[in-house]
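# Results of the structural survey
Now for the letters of each chain:
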Amino acid sequence: MPPFETSDADYVAEFSFAVEYSGPPVTYNLPCAVPIKVERIPVAAAAAQVSLSDKLSLPVVQPLLAPDPRSKKFSKELKTLGSDSSTLVSPTTVIAFDRNNESGRDCKELELVSEATVSPTSVIAFEEGNTSNRGYFRSGELSSSRALEFSNGHYASGELCDIANSSREFGFSSISHEHSPELLGGAGISSTIEFSDSFDKSLGSSLASRVSCSQKESLDTNNDLSQADWVSTESVSSFDYPSSQVSSMKIVDGNNESKCDLIRTPVVTFRDFESVDAFDEEYTQDASEKRMPQVKGKKGSCYRCFMGNRFTEKEVCIVCDAKYCSNCVLRAMGSMPEGRKCVTCIGFPIDESKRGSLGKCSRMLKRLLNDLEVRQIMRTEKLCEANQLPPEYICVNAQPLSHEELIILQTCSNPPEKLKPGKYWYDKVSGLWGKEGQKPSKIISPHLNVGGPIKPDASNGNTQVFINGREITKVELRMLQLSGVQCAGNPHFWVHDDGSYQEEGQKNTRGYLWGKAGTKLVCALLSLPVPSKFSNSCGEQGSNIVNRTVPDYLQQRILQKLLLIGYNGSGTSTIFKQAKILYNEVPFSAEERENIKLKIQSNVYGYLGILLEGREIFEEEELIELKKKHSSRIIDPSGNTGNNDDKTIYSVGPRLKAFSDWLLKTMVSGNLETIFPAGTREYAPLVEELWNDPAIQATYNRRSELEMLPTVASYFLERAITVLRTDYEPSNLDILNAEGVTSLNGLACVDFSFPQSAPDADIDAADQHDSLLRYQLIRLHARGMGENCKWLEMFEDVGMVIFCVALSDYDQFSVDGNGSITNKMVQSRQLFEFIVNHSTFDQMDFLLILNKFDLFEEKVELVPLTQCDWFHDFHPVLGRHHSNSNSNSNSINNSPSLGHLASHYIAVKFKRLYSSLTGRKLYVSLVKGLEPDTVDAALKYAREILKWDEERANFSLSEYSIYSTEVSSSQ
Amino acid sequence: MSVAELKERHVAAMETVNSLRERLKQKRLSLLDTDVAGYARLQGRTPVSFGPTDLVCCRTLQGHTGKVYSLDWTPEKNRIVSASQDGRLIVWNALTSQKTHTIKLPCAWVMTCAFSPTGQSVACGGLDSVCSIFNLNSPMDKDVDLPVSRMLSGHKGYVSSCQYVPDEDTHLITSSGDHTCILWDITTGLRTSVFGGEFQSGHTADVLSVSINGSNSRMFVSGSCDATARLWDTRVASRAVRTFHGHEGDVNTVRFFPDGNRFGTGSDDGTCRLFDIRTGHQLQVYYQQHGDNDVPHVTSIVFSISGRLLFAGYSNGDCYVWDTLLAKVVLNLGSLQNSHEARISCLGLSADGSALCTGSSDTNLKIWAFGGHRRVI
């Protein structure tokens, strides 16, 4: 019946699940709740924040000696807490348990501080702290978060089979780690609390003490109970909270060692009254405890099972310093998503003194877990976000760092190693880096925009010689002298990152500091830093930005996702490819190019096939025509030339005929793509012949009649001979024009960052920040994005949706999902509405790209825009009302073309639609997909929108207009 | 023949099909005199009762940073693979609740994952339309990332679900948004057979889920957005063995009953249904009436080892435990102590049936075990 068979013998006992209690009947009473009388709950009064001082005395419960553990006598007494730890009394804190482990004391005392305020949103905070007050801080945070939850009427549950309770919200129950089902007789295993506003449920709080892991042991202790001294108290706090009973027990077990103290973590379990029915009304406590041999007041036992001494191997929580023995560590630390932390400590920053041990595994873990598991833990411990150095702990040039600055510092090409919290100085010009008041310790990448300006006394030098405005130390001066730098007359030097130095105010370089071999030796002797081999020049660094590796947690923060959606044929793929070519140094890898080449080639075969098909049709038509003429010629002999052998202009020779038949057959059977990449070489000469054949040329001239032939086909067919050569290398333009290259299957994404606009301009703070930001353009195929699209919610984390519409679609028709023929622009609009209304993209910014503006400009002159029903009220004002339209939009110059007018009209249509759907503003950008500049502008516009979104909060309404014009003018 | 004429004939044919379908439905109804619950009640069966400790959460697997979308157990060694919105697969040791592998996926939009029968490799699929296989034994590079050992590409739509053929590490069945299911040979990376598709009688909408019969691995069922479930024989790719109508919404999940003669489905219409593959009858509808009009969708189902219990996750955060015999909800995992803080998105039962793993939108996985005196059912 152990349901969860373990393969590892080690875990059988350790991880057995809740087991029915099968021991002897319990002789003592089980804890139960005492009902609360609702009327008697006092109304919450806002307590003034108690200022904390060392002398603050707080009422606490004084433990009383009780002769018998089963006695129901509770005494109420208050005792001042004499410990040097102070407790934060917040109005929402109901009960705070402190466990003070004071090393100075002979015995460890368990102090119960019970502060009951009386707000219905009661919060229980357990505090587990050392003598330092750090612990209290944390629990203050915890309690506030819990208060929220309980006031919502959630069920919080105390947990029994506790291995897995790790969520912070249930933190209090997970502190009460161990509740032995054995002792509770199985009946009360589930203890559910309901915290409701009215407190109509009776709450009982029982302070149950720790139960040892093994049942046997707890029974042992039960036998000891009679000999043990019990201290049982019931406290009613000074704010009288009549029905809340909290007891603390202190068990002094004297039968073993003369001075032996029993430590126990306060454990409180709130029980739902109903679930307590089975219990006796009496309020008892059962306890089992660990004895801990007194070793000069030093704690040494496991924090969870209280077994072992200080010599037993233990794992330490990197946050709260709790120590767990090998039996308990896996339960106490759970799945260690942030490394070795107690489940309750997950999410908290680590103890800085333990930073050095991050990622260094102990023998115990290695024994408990297999290699792979240990590796994962150590990796997450090092890399997870919560364990990273908090930026404000690092001061550079007397200025605490911001998050971005720390990232810059850590991700630069030559970062300071093993950064510890502290104060540093940094010489931006030369890259010298050191602790404040000390000589330089390292030369890092120069020109990083971190911290404030360097102070003259940064390294506390007294030599009156200055380097880049910093008075240098004696050691440095010695180095300068040894390496032959003239230092007479207290000069002020200006040292660059390449080591060249000059005197302040002078132009000529006096020499290179690191040029001489001797200098490095001198530096080594004086333990001064020398530039590392990899220190790059400034230019190289810029290009490195894209390639350098950033830790995962950073990647998530700085990656902005842009979702590119558009109806079929709206040119999303072109924009995607354009972005790749624009921002990636190597837009397509060799493998990708090879695939693209094959794709283009098979496309061209496809186009050829369509041509050949057309040729057959034309030939047939021509033949019928001829026959007609022929027959008419019989009647009227004065007809055309003698055409007896049925030859038309569309006829081809037998060899080509065979090839074309074969090609068509392959196409029909759908095998084109599997055959052609390989067959290219073989058929290339034939294709050349075919293409040059007058019949094909004649067909090609009538290509507008072939509906299947996409417009882009002519681009490739005209280059068919080059394209179909085996040594063909697709150019970027070819790739842009190619169909189906981006992805066959709907989703493609590319990561990029915008190149810095002015490479030689000073890198200011904004640019530095930008260079870190990376963007991911995700292109989605519209296919399958129907009503039931279930996967759009996967994109809830994108920053913005870019919706792409082909302007030239307004006179195109295609068959929509219902089988009826619909205008493509209308279909685009439907998709747009669907996406905008989709719950995933609620509150998200939309950028509308009106693509194919070049085609549109030509087309709109020929085909009226009113072809599309949606645009029925387009009445362009040309000629007379020029001035009117000018005043409306500044981007149109004096004589707006029809194309511009029409595109603006369409933009307004979409904007109105959008604001009627969402009430927000739609951003629009005009794009010609094949022109890189316009795509670049559109994506930069997208960046501006994202930035603006972040900064919007900082701008008041009046500044809004200024900012928005800036955005539009930068377009 | 003109287009108009063809259309007319098509409409006429559709009408015939619909009327025939209706007749079939009527006939079925007349033949089906009772459902499982009615029969069980007649027999005097009582629903399974759950004490508070019968199903307890005993592990929490923390480590994902995004919503968990899918999980799968190994038949042995108690390992779990989970796929999440953060673009990672994590392989867990369910006993120690530690991670053994984290795999950063080349395409972050993963929808499904599966453990191979021998536990040597894991498969995953998603919006990139590729089913990627990772060999867990292959050496990791310095980033502790596993390289893709095989890409199964051929689907023309997202891969919605994948499952290894039992006892074979080399075959895998995927379902996809391109309306097809594919049986793959992993060693060659090629398609063995394609079920459904344009010219065949298959699903007419995205296929969302597959489940392979545990006792006869030649048979599998698929559930689709066309509101049907279809039974397939891997030897006959051209047409479905049987089509199961009944649902009124997308069939999100299908799962074979442990005995292999029935299967369960979960759908957007808020119901779970039990179908018999031999008769084609719908045996039982599991539907919990909700007060408001919002019908929560069924997102994932799994049967207990005996089939007596059906765990079903709903889009509103509930996770009901149904007594399959009496069609009664006996427990709601969503409201149990230590339950997830967000909705449960995927479910999986360990091979011996003793533990249930749930993945949730709160980024955690939890393992539930039958505790106390309750035997595994």
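The rules behind the values
- Residues numbered from 1 in each chain as written.
- Chains lettered and ligands numbered in written order.
- Predicted model: local features only at pLDDT ≥ 70, side-chain atom pairs only at ≥ 80, totals over all residues.
- Heavy atoms only, no water.
- Helix = DSSP H or I, 4+ residues; strand = E, 2+ residues; numbered from the N terminus.
- Buried < 20%, exposed > 50% of the residue type's maximum accessible area, 1.4 Å probe, protein only.
- Contact = heavy atoms within 4.5 Å.
- Areas by Shrake-Rupley, 256 points an atom, 1.4 Å probe, with all protein chains shown as cover.
- Pairing = 2+ DSSP bridges.
- Axes fitted to C-alpha atoms, helices over the stretch in contact; angles between N-to-C directions.
- Salt bridge = Lys/Arg side-chain N within 4 Å of Asp/Glu carboxyl O.
- Patch = residues over 30% accessible without salt bridge, like charges linked within 9 Å, V, L, I, M, F, W, Y side chains within 5 Å.
- Phe/Tyr/Trp six-rings, centres within 6.5 Å; stacked < 30°, edge-to-face > 60°.
- Lys NZ or Arg CZ within 6 Å of the ring centre and 35° of its normal.
- Disulfide = S-S within 2.5 Å.
- Polar contact = N/O pair within 3.5 Å; in protein donor to acceptor, adjacent residues only side chain to side chain.
- UniProt positions renumbered as here; feature names shortened; annotations may be inferred.
- pLDDT = per-residue confidence, 0-100.

### Concerning the overall build of chain A
When helices and strands are counted, chain A shows 27 helices and 34 strands. Taking all 971 residues of chain A together, the buried fraction comes to 53%. If you take every contact in chain A between residues at least 6 apart in sequence, the share linking residues at least 24 apart comes to 68%. Element-wise, carbon and sulfur atoms account for 51% of the exposed surface of chain A, whose accessible area totals about 44,600 Å².

### Structural notes on the overall build of chain B
Across its full length, chain B carries 2 helices and 28 strands. Here chain B, with 377 residues, has 62% of them falling under the buried criterion. Contacts in chain B between residues at least 24 apart in sequence constitute 48% of all its contacts with a sequence separation of at least 6. Looking at chain B as shown, the accessible area adds up to about 14,600 Å², and 50% of this sits on carbon and sulfur atoms.

### Notes on the sheet that holds strand β1 (residues 55-61) of chain B
Residue and element names in this part refer to chain B. A sheet is described by the order of its strands in space; here 4 strands give the open sequence β1-β28-β27-β26, paired in antiparallel fashion. Here the strands that pair on one side only, and so sit at the sheet edges, are β1 and β26 (344-349). Going across the sheet, the axis of each strand differs from the next one's by a mean of 25°, ignoring polarity.

### Some details on the pattern of salt bridges
Residue and element names in this part refer to chain B. The full count for this structure, using the stated rule, is 21 salt bridges over all chains. Note that Asp-276 is salt-bridged to Arg-262, the shortest N-O span being 3.7 Å. Within this pair, whereas Asp-276 is found in strand β20 (residues 272-276), its partner Arg-262 is found in strand β19 (residues 262-267), the two being separated by 14 residues in sequence. With a closest N to O distance of 2.8 Å, Arg-308 and Asp-323 form a salt bridge. On the criterion of sequence distance, the pair formed by Arg-308 in the loop between β22 (298-303) and β23 (309-314) and Asp-323 in strand β24 (residues 319-323) is long-range, its members being 15 residues apart. Accessibility classification places Arg-308 together with Asp-323 in one group, the buried group. Among the ionic contacts, a cluster of salt bridges with common partners joins Asp-259, Arg-262, Asp-276 and Arg-278.

### Section: a nonpolar patch on the surface
Residues and elements named next belong to chain A. Judged by side-chain polarity, Phe-813, Val-815 and Ile-821 come together as a nonpolar surface patch covering roughly 330 Å² of accessible area. Note that Ile-821 resides in strand β32 (residues 821-823). Judged by its relative accessible area of 63%, Ile-821 falls in the exposed class.

### Considerations on the environment of A:Phe874
All names here are of chain A. Tracing the backbone through its elements, the reader meets Phe-874 in the loop between α23 (853-862) and α24 (882-888). Given a relative accessible area of 11%, Phe-874 falls into the buried group. Phe-874 sits 31 residues away from Tyr-905 along the chain, and the two C-alpha atoms are 7.4 Å apart. If we ignore the near neighbours within four places in the chain, the residues touching Phe-874 are Leu-865, Thr-866, Leu-898, Leu-901, Ala-902 and Tyr-905.

### Here's the deal with the packing of aromatic side chains
On inspection of all chains with the given rule, the structure shows 33 aromatic pairs over all chains. With a centroid separation of 4.8 Å and 45° between ring planes, the pair formed by A:Phe874 and A:Tyr905 is classed as tilted. Here A:Phe874, found in the loop between α23 and α24, pairs with A:Tyr905, found in helix α25 (residues 898-918); they are 31 residues apart in sequence, far enough to count as distant. Each member of the pair, A:Phe874 as well as A:Tyr905, carries the same accessibility label: buried. Between B:Phe244 and B:Phe263 the ring centres are 4.8 Å apart and the planes differ by 85°, which places this aromatic pair in the edge-to-face class. Here the residue B:Phe244 occupies a position in strand β17 (residues 242-244), and B:Phe263 occupies one in strand β19, the gap between them amounting to 19 residues. Aromatic ring contacts, followed pair by pair, group A:Phe803, A:Phe832, A:Phe841, A:Phe846, A:Trp870, A:Phe871, A:Phe874, A:Tyr905, A:Phe910 and A:Tyr914 into a single cluster. Geometry around A:Trp870 places A:Arg829 over its ring, the cationic atom sitting 4.8 Å from the centre.

### Examining the pairing of strand β13 (residues 190-195) of chain B
Residues and elements named next belong to chain B. Where strand β12 (residues 181-185) meets β13, 5 bridges bridge the pair, whose relative direction is antiparallel. Within β13, the residue paired with Asp-185 across the bridge is Leu-190. With antiparallel pairing between neighbouring strands as the criterion, β12 and β13 make up a hairpin whose turn holds 4 residues, including Gly-189 at a positive phi of roughly 75°.

### Re the state of the cysteines
On inspection of all chains with the given rule, the structure shows 0 disulfides over all chains. Free cysteine: A:Cys749, not disulfide-bonded; nearest cysteine sulfur from B:Cys107 at 6.2 Å. By relative accessible area, A:Cys749 is classed as partly exposed at 30%. Unpaired in this structure, B:Cys113 has its nearest cysteine sulfur neighbour in B:Cys162, at a distance of 7.1 Å.

### Things to note about the sheet that holds strand β10 (residues 159-164) of chain B
Strand pairing in a sheet takes place through backbone hydrogen bonds and is either antiparallel or parallel in direction. All names here are of chain B. In spatial order, the strands read β10-β11-β12-β13; together these 4 strands make up an open sheet with antiparallel pairing. Taken across any chain shown, the strands that pair with only one partner, and hence form the sheet edges, are β10 and β13. On average, each strand axis in the sheet is inclined to that of its neighbour by 25°, with strand direction left out of account.

### Examining the side chain of A:Lys341
All names here are of chain A. Position of Lys-341 relative to the elements: it lies in the loop between α5 (329-333) and α6 (363-368). At a separation of 2.9 Å, a polar atom in the side chain of Lys-341 contacts the side chain of Glu-338. Discounting residues that sit within four places of it in the chain, Lys-341 has contacts with Cys-317, Ile-318, Val-319, Ala-332, Met-333, Ile-346, Gly-347, Phe-348, Ile-350, Ala-386 and Asn-387.

### Overview of unusual backbone geometry
Residue and element names in this part refer to chain B. For Ser-129, which is not glycine, the phi dihedral falls at a positive 65°. Structurally, the position occupied by Ser-129 is in the loop between β7 (121-126) and β8 (130-135). By relative accessible area, Ser-129 is classed as buried at 0%. Despite not being glycine, Thr-363 shows a phi value in the positive range, around 75°.

### What to know about the UniProt feature "repeat: WD" (unreviewed entry) in chain B
As recorded in UniProt, the feature "repeat: WD" (unreviewed entry) lies at residues 61-102, 152-194, 200-242, 244-285 and 337-368 of chain B. Taken end to end, residues 337-368 of chain B is 0% helix and 50% strand, and its two terminal C-alpha atoms sit 11 Å from one another.

### Focus on the confidence of the model for chain A
All names here are of chain A. Mean pLDDT over chain A: 65, with 56% of residues reaching 70 or higher. Note on residues 534-548: pLDDT is under 50 here. Beyond four places in sequence and across chains, it has 15 contacts. Segment residues 956-971 is flagged for pLDDT under 50; beyond a separation of four residues in sequence, or across chains, it makes 12 contacts in the model.

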